[in-house]
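Summary of the model geometry
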Amino acid sequence: MSDTSSTHPGTTTQAGRTEGASLEFSIERNPAPASAEVRDAVLADPGFGKHFTDHMVIIDWTVADGWHDARVVPYGPLQVDPSSAVFHYGQEIFEGLKAYRHGGGEVFGFRPERNAQRLQNSAKRLALPELPEELFLESVRQLVQIDEQWVPAAGEGKTLYLRPFMIAFENFLGVRAAQTVRYMVIACPAGSYFSDPTRPVDIWLSQEYSRAGAGGTGAAKCGGNYASSLLPQEEAYANGCEQVLFLDSSENRYLEELGGMNIVLIKSDGTILTPLSDSILPGITRDSVLELCERAGRRIEHRRITIDEWREGVADGSIVEAFACGTAAVISPIGKVKSPDFTIENPAVTADSVSMRIRAELTGIQNGELPDLMGWTQRLA
Ligand SMILES: *Cc1c(COP(=O)(O)O)cnc(C)c1O
């Protein structure tokens, strides 16, 4: 829509690429990007979510004008009015996806169209405007292309993590859907989320708190779901666990998911078991795991599962593996499930375990080391 020149001194502006997008992105280059030394130091030990790239994407929306003013600008703080609705009523949604450098040097996304579609579903639930899928994809490509040097080298298991998000951006304390909204994308290089991805994580079974309820926002990727998971997460830490497992809010029996990852159990006959519920966030990692398993001829049971079924299954040897999955950590084996009343001790995982083989297959496709038979990868830069 606009390719207006920058008013900031010392910056260069050029028209962005527009193929397929309904808006043209203006580009304002960061006049003081990180030096190669600083960037290399970050890439050597990126951690997670601590160091951000030189640029960010902003697209604004108003009732009157719809989506407009798509732009790439230097990364930096926003000036936001204290009355902005997002601070008061939490009208916010987000996404998380990674850019992977393949051996040939190109950068690919993994099913980014699924993130675009999920952001639209989250937007519907939170009464936010839907961002067109192609505009989402173009926003991601724009940022990856301008900050391509921040995408870690192939072969180290490191990636560039992308965080698209959308916030109510109207200065108004009335309680209704905002009529001014902002969408943004920021990016940070990422090592693996847990220090050793094959190390089992112990999880705490939250008895007192739920993550989401029937008819609530559990299936939307919104900040509010995370806010409500932080207290039980603290309880998990206090009990020596890294993550929380949530059960359904009405009967407190059925497995839902962790604070930010889905769960999958594996039976001794190779069957894959994963919980079904309207208040689970539909993870793209879990969906991909299920598709790979289905292709490999495994039986999939996507249904309601009680905590007792897990507990008894481990006790009688019919459930042999359990893992958590999500974009950040891909697949993490679950060690113990602890609660005040009992502990489920999942069997130890070896490199040959089914979950580790699924992990190797999935990361192989993501990293471009295995053929992408499903057409899941998409070139970003
Ligand atoms: C993002 C998220 C997941 C994992 O989704 P992926 O698409 O696999 O990254 C699982 N649970 C919750 C609550 C989430 O927010």
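Residues numbered from 1 in each chain as written. Predicted model: local features only at pLDDT ≥ 70, side-chain atom pairs only at ≥ 80, totals over all residues. Heavy atoms only, no water.

Things to note about the overall build of the protein chain
Selection rule: Counting from the N terminus, the helices are the DSSP runs of H or I reaching at least four residues and the strands are the DSSP runs of E reaching at least two. Contacts are assigned to residue pairs with any non-hydrogen atoms lying within 4.5 Å of each other. Note on areas: Shrake-Rupley, 1.4 Å probe, and residue coverage restricted to the protein chains presented here.
Each helix and strand counted, the protein chain has eight helices and 19 strands in total. Principal-axis analysis of the C-alpha atoms gives the protein chain an extent of 70 × 50 × 35 Å. A separation of at least 24 residues holds for 69% of the contacts in the protein chain among residues at least 6 apart in sequence. Surface accessibility of the protein chain: about 16300 Å² in total, with carbon and sulfur atoms responsible for 49%.

Some remarks on the site of the ligand
Put simply, the rule is: Being near a molecule or strand, for a residue, means having at least one of its heavy atoms within 4 Å of it. Under this definition, polar contacts are N or O atom pairs within 3.5 Å; protein pairs additionally need one hydrogen-donor-capable and one acceptor-capable atom, and for neighbouring residues in sequence, both atoms have to be side-chain atoms. Each residue gets one of three labels, nonpolar for Ala, Val, Leu, Ile, Met, Phe, Trp, Tyr, Cys and Pro, charged for Asp, Glu, Lys and Arg, and polar for the others, Gly among them.
In the region of the ligand, 15 residues are neighbours, and Lys-221, Tyr-226, Glu-257, Thr-285 and Thr-327 sit closest. Take Ile-284: an N or O atom from its main chain is 2.8 Å from an oxygen atom of the ligand. Here the ligand loses 97% of its free accessible area of 380 Å² to cover by the protein chains. Classifying every residue of the shell around the ligand gives four nonpolar, seven polar and four charged.

Observations regarding the domain arrangement of the protein chain
To be explicit about the condition: For every domain, the bounds stem from an assignment made automatically or drawn from a database. Two parts placed together each lose some accessible area; with a 1.4 Å probe, that loss summed over both constitutes the buried area. Salt bridge criterion: a side-chain nitrogen from Lys or Arg within 4 Å of a carboxyl oxygen from Asp or Glu.
Domain annotation of the protein chain identifies domain 1 (11-190) and domain 2 (201-371). With 21 residues of domain 1 at the contact, the number on the domain 2 side is 24 residues. Summed over both partners, the interface of domain 1 with domain 2 buries about 1800 Å², with 57% contributed by carbon and sulfur atoms. At the surface where domain 1 touches domain 2, the tally comes to three salt bridges. Taken together, the connections running from domain 1 to domain 2 amount to 15 residue pairs in polar contact (both at pLDDT 80 or more).

Concerning the nonpolar core
Quick note on the threshold: By convention a nonpolar core is built from buried Ala, Val, Leu, Ile, Met, Phe, Trp, Tyr and Cys residues, the set being connected through side-chain atoms within 4.5 Å. Relative accessibility decides the category of a residue: with a 1.4 Å probe and only protein chains considered, values under 20% of the type maximum give buried, values over 50% give exposed, and everything between is partly exposed.
Membership of the largest hydrophobic core comes to 53 residues, with the highest contact counts inside it found for Ile-59 and Trp-67. With seven residues, helix α4 (residues 133-146) is the single largest residue contributor to this core. With residues up to four places along the chain from it excluded, the contact list for Ile-59 reads Leu-23, Phe-25, Trp-67, His-68, Asp-69, Ala-70, Leu-131, Leu-135, Ser-139, Val-181, Arg-182 and Tyr-183. Counting 23 residues, the second-largest nonpolar core is a separate cluster that includes Val-201, Leu-258, Ile-305 and Ala-329.

Structural notes on helix α3 (residues 112-125)
Applied cut-off: Here a helix's expected span is defined as the number of its residues, less one, multiplied by 1.5 Å.
Given a rise of 1.5 Å per residue, 14 residues ought to cover 20 Å, and the 20 Å separating the end C-alpha atoms of α3 matches this to within 8%. Among the residues of α3, those classed as buried are Pro-112, Glu-113, Asn-115, Ala-116, Arg-118, Leu-119, Gln-120, Ser-122 and Ala-123.

Quick word on a nonpolar patch on the surface
We apply this condition: By definition, no residue in a patch forms a salt bridge, and every one has over 30% relative accessible area; like charges are joined within 9 Å, nonpolar side chains (Val, Leu, Ile, Met, Phe, Trp, Tyr) within 5 Å.
A cluster of nonpolar side chains, Tyr-89, Leu-173 and Val-175, forms an exposed patch at the surface whose accessible area comes to about 330 Å². Positionally, Val-175 belongs in the loop between β8 (159-168) and β9 (180-190). Looking at Val-175, the relative accessible area reads 70%, which means it is exposed.

Points about unusual backbone geometry
Here the phi dihedral of Ala-127 falls at roughly 55 degrees; this positive angle occurs in a residue that is not glycine. Following the sequence through the fold, Ala-127 ends up in the loop between α3 and α4. A positive phi angle is found at Asn-252, which is not glycine, with a value near 55 degrees. Position of Asn-252 among the secondary structure elements: in the loop between β11 (243-247) and β12 (255-258). Residue classification places Asn-252 among the partly exposed residues on the basis of a relative accessible area of 30%.

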